[in-house]
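Read off the chains here:
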Amino acid sequence: MIGFLRRKPGPPIDARAFDLLCLTIGVVIALHAAYLPAWLTASLVVVLGVRWWQRRRKPGNAPVYLKLPLVGLLAVAVIFYYGNIFGREPGSALAVGLLVLKLLETDSARDARVCVAFACFTLMAALLAGQGMVATTGVALGLLPAMAALRALQPGRMASSFLGDLRPGLGLLAAAIPLALVAFVLVPRLDSPIWGAPPGAQARTGLSDRLAPGDMVDLLTDDHPAMRVAFDGPLPDPAQRYFRAYVMGHFDGRGWAQLTTGRTASPLEVSKSIRYRVSLEANNQRVWPALDVPMEAPAGTRMASDHALVADRPVTDALSYAMQSALQYRLQPDLDDLTRRQTLQLPAGFNPRTLALGAQWRAQYGNDDAAIARAAMTLFHDGGFSYTLAPAPLGRHSVDDFLFNTHEGFCEHYASAFTVLMRSAGVPARVVTGYLGGYWNKLGEYLLVRQSDAHAWAEVWLTGKGWVRFDPTGAVRPERISLGAAAASAAGGQDGGGIGWLNAMLDRFDVVNRWWSEGVIGFDALRQRGMLTPFGIRDADTTLLGTLLAISCVLFAGIGLAWAMWQRGAGDPLRNAMQSLEHKLAGVGIERRPSEGPQHYLLRAARALPHQRDALERLMKDYLDLRYAHDSPPAESVRRLCRAVRDFRPRRVVK
Amino acid sequence: MAAWSESVQRLLGWAEARLPALTRYRQLEALPITLHRRRIYIVPSAFGLLFTVLLGIMLIGALNYANNAALLLSCLLGGASVASMLIAFRNLDGLRVTSIQPGHAMAGEPVMLQIHLDAATRVRQAVMVDLNGQTEATSIVPPHVATMSLALPTRRRGWQALPRIRVWTHWPIGLFRAWSWLHPSMQVLVWPRPESGGPPPTFLSDDPLRQRLHRGEDLAALRDYRAGDPPRHIAWKASARHESLLVKDFEQPAPHEDWQLDWRQLPELGQEARISRLARWLSEAEASGRATSLWLPEERIERGVGPAHFARCMNALAKLP
């Protein structure tokens, strides 16, 4: 490492500085621990602890024969575990490892400074893994021991307690907040990255553009927020909180996928609509969920013929959009032939029993498509079906297996089987995935939709009504629709949300989180440009932002300098008055000598400025009187003297 | 390494010649000296430059990955760095160097300087003072005055001017170095270096003190007869057992005698040799507690004893042309 090339080590740092350094590195490890492999975290903690203990006993560096193999071991372990050394995760693992190993050869102030700087860098790298508020706060707190360690490296500082050493860093960071905020708002954002692709978002579960049996289990147990929705007006009923994301019309026997049509959106007749605003978390998908059927596509998306909103590019950062959706509507009342064909398509050679049942229903109910759908719902309701997130595996004829053997599954099984049944009976049908339900945050007045609210249902085309939503899961487990996913999966009746104060706290926490993800994480180039609209500037470009940034930096520099130069007025007004008089007289060339008393000096000044002899002699007399004839001079006289000094203008003598 | 620091020195020399603001305070100034904004300079330290580069990388990385949290914290760190510059400035602003008390030293030995720093109104932490390549650090809490001891190497006797003194700080986090040069109009008197060996002082035979030396009462030793010894000092009994005459040598109470050191005693030596011999005699007399008087061409110091007298004599020697 760098140490081998070093010139001179310098004196060892004291124990406090080393403790603070260890604390800094400990925080770094803790922040990275969330995604580092456990064995690496554990061994780094051990190395840190051993080094701390060893340095406490005797200052000095670890021997080279210990350092070199450890560095090699780290590199090999990282390559072995991640497969390469580049990329975010192996890079972070390597950085944290090297930081801890750097501590082994840190004994002098110089090394400690390098170590702290590297620690700051690694702290920031932790944010690449997730920029949530908790992680960010953690990193900000990690800056405290870093500052304290740097401070403790200064020779000759005053001794202080451990906490006393941490506190000034807080003050320093607090003083930096205004400038940091202005810089954050004004630093021009890049339209496209300079290098590399943006990190593949968080490898987190989310809705996928394909649906196959068993796909959604991870999703239904993931409590991360998917989006937050604030409504203009009353909150829709629980049974109306269907957020459509993907509409899937293509079935290949195993799973469902979107139909690829380049056609424009189908007609929509609206009788009731609602306005709302969605704050979407990053999900790396190319779809923006919308309540029921969106009426128009917001900027950045295109509306597909099935009224799904297809984004221009994947959602890699949190974003927010305003929308209007229809709650009562007729969607595509006249079905075109192509769509009819596509939504009746079934692959050959799959699910013969289901096809037979469909054909039987068609014969039984004649042309009444609605009756066929009702029959299917009745089947799910009364056929001995059960809702479970751990259903038995299905064979090649998955729908047959599900309908006639296992009878257990969750939303996607029901939606898929229902749609196949409808198509077998000759009724156009398709699967829709999205979210259902959500949690109403009273404090923030918004609906919090989690990944676990993901849901799949079906849409059936009925003559005269267009596409109508059918939710076969509701037939099996009605509370899934009326109460939401949490109630539906709480099989044992034990409800974690029952504690009032905890709920209130979680509400609050989520409000802050929302503010964070909208105000900080979601503050992108687009919002930065629109930021100045209230001031009459339509599109703030990079030059304007840069100018504003420079102006505010100068402004802050001015404020800071004013603070730095500001000196509390010394307590003695007489001395101040005398100093000001000396200053004025020095301006015309009469400087007070160090050995000169006020009387001598002012008499000399009076001789040098004969026009002002009287004034100077009076000032001298007053000053001497106030200074030496009183224990505490009367305030009025002191003020008079100060005024006299202020009004005194020495005039240069023309020789 | 040496070449590098040499070129840095050359660059500094050039800068001082070119920039009046830097050279301005090279002229002598009387103590006390108050540091104020027009004489405090600030530049980033080497670590500050490294840190700036690192901050830049963080900033570009955050922008590249559109990572607003990292961007915010990088801005925060940058803001804190800027604030630390102002704190470094305030750490020196208004600081006063009230006085410098020199110690005594012979030429060739370092003289200790006691530099007194007054904090005025604020606590000053980690203030460092550089003098001739050595550095001392201290913190000053307002009502108290901090004293720093620094050694100034000396070469030759006489008045020696103080070199420029640098008061500086890296406070609080080492990103910036704030400093101010002082050139106090003060001189240190360096004593002459005593010669390393040589004869003891001899005195003119007609000196009345010389007579008295041999009138001691106690027998100190026997020695061979020399022409001129008084016959009553001959030790007849002892001489009888010896092949030559032995003389009783009485103890000479010399250590308790005054030494009257005189410039004129040493006509054969050069100026500096005379001075260093007198310095040695004075040092020996001081070490053995003997009273001395010192006659110099222009000055006559009456007999005396003790450190103050010694210092007076040495000062007089040091000031000789």
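Cut-offs and rules
Residues numbered from 1 in each chain as written. Chains lettered and ligands numbered in written order. Predicted model: local features only at pLDDT ≥ 70, side-chain atom pairs only at ≥ 80, totals over all residues. Heavy atoms only, no water. Helix = DSSP H or I, 4+ residues; strand = E, 2+ residues; numbered from the N terminus. Buried < 20%, exposed > 50% of the residue type's maximum accessible area, 1.4 Å probe, protein only. Contact = heavy atoms within 4.5 Å. Areas by Shrake-Rupley, 256 points an atom, 1.4 Å probe, with all protein chains shown as cover. Salt bridge = Lys/Arg side-chain N within 4 Å of Asp/Glu carboxyl O. Polar contact = N/O pair within 3.5 Å; in protein donor to acceptor, adjacent residues only side chain to side chain. Pairing = 2+ DSSP bridges. Axes fitted to C-alpha atoms, helices over the stretch in contact; angles between N-to-C directions. UniProt positions renumbered as here; feature names shortened; annotations may be inferred.

Scanning chain B from terminus to terminus reveals eight helices and 16 strands. Within chain B, the fraction of its 321 residues that count as buried is 49%. If you take every contact in chain B between residues at least 6 apart in sequence, the share linking residues at least 24 apart comes to 62%. In the structure as shown, chain B presents an accessible area of about 16,700 Å², 57% of it carried by carbon and sulfur atoms.

Each side of the interface is counted separately: chain A has 56 residues, and chain B has 49 residues. Counting across the chain A and chain B interface gives zero salt bridges. Viewed at the interface, chain B and chain A are joined by 10 residue pairs in polar contact (both at pLDDT 80 or more). Those elements that provide at least two residues to the side of chain A that touches chain B are helix H5 (109-125), helix H6 (133-152), helix H7 (162-186), helix H17 (500-521) and helix H19 (542-565) of chain A. Considering every element that reaches the side of chain A that touches chain B, the biggest residue donor is H7(A), with nine residues.

Once that is clear, we can look at the pattern of salt bridges. Here the structure, examined in full by the defined rule, presents 31 salt bridges over all chains. The structure contains a network of salt bridges with shared partners spanning Asp14(A), Arg16(A), Arg151(A), Arg157(A) and Asp165(A).

Reading across the sheet, the four strands line up as E1-E3-E4-E7 (chain B) and stay open at both edges, with antiparallel pairing between neighbours. Edge positions in the open sheet fall to strand E1 (33-34) and strand E7 (145-152) of chain B, since each of these has one partner strand only.

Residue and element names in this part refer to chain B. Here we have five strands laid out as an open sheet, ordered E2-E10-E9-E5-E6, and antiparallel in their pairing. Every interior strand has two partners, whereas the edge strands, strand E2 (41-44) and strand E6 (134-140), have only one. Shown here is a sheet whose adjacent strand axes are inclined to one another by a mean of 25°, direction ignored. Relative to strand E9 (residues 165-169), strand E5 (residues 124-131) is paired through four bridges, and the arrangement is antiparallel. The residue bridging Val129 from the neighbouring strand is Val167, located in E9.

Residue and element names in this part refer to chain B. The UniProt record marks residues 40-63 and 69-89 with the feature "transmembrane region" (unreviewed entry), using the residue numbering of this structure. Annotation note: span residues 40-63, helix share 75%, strand share 17%, distance between end C-alpha atoms 36 Å. The span residues 69-89 is 100% helical and 0% strand by assignment, and the distance between its end C-alpha atoms comes to 31 Å.

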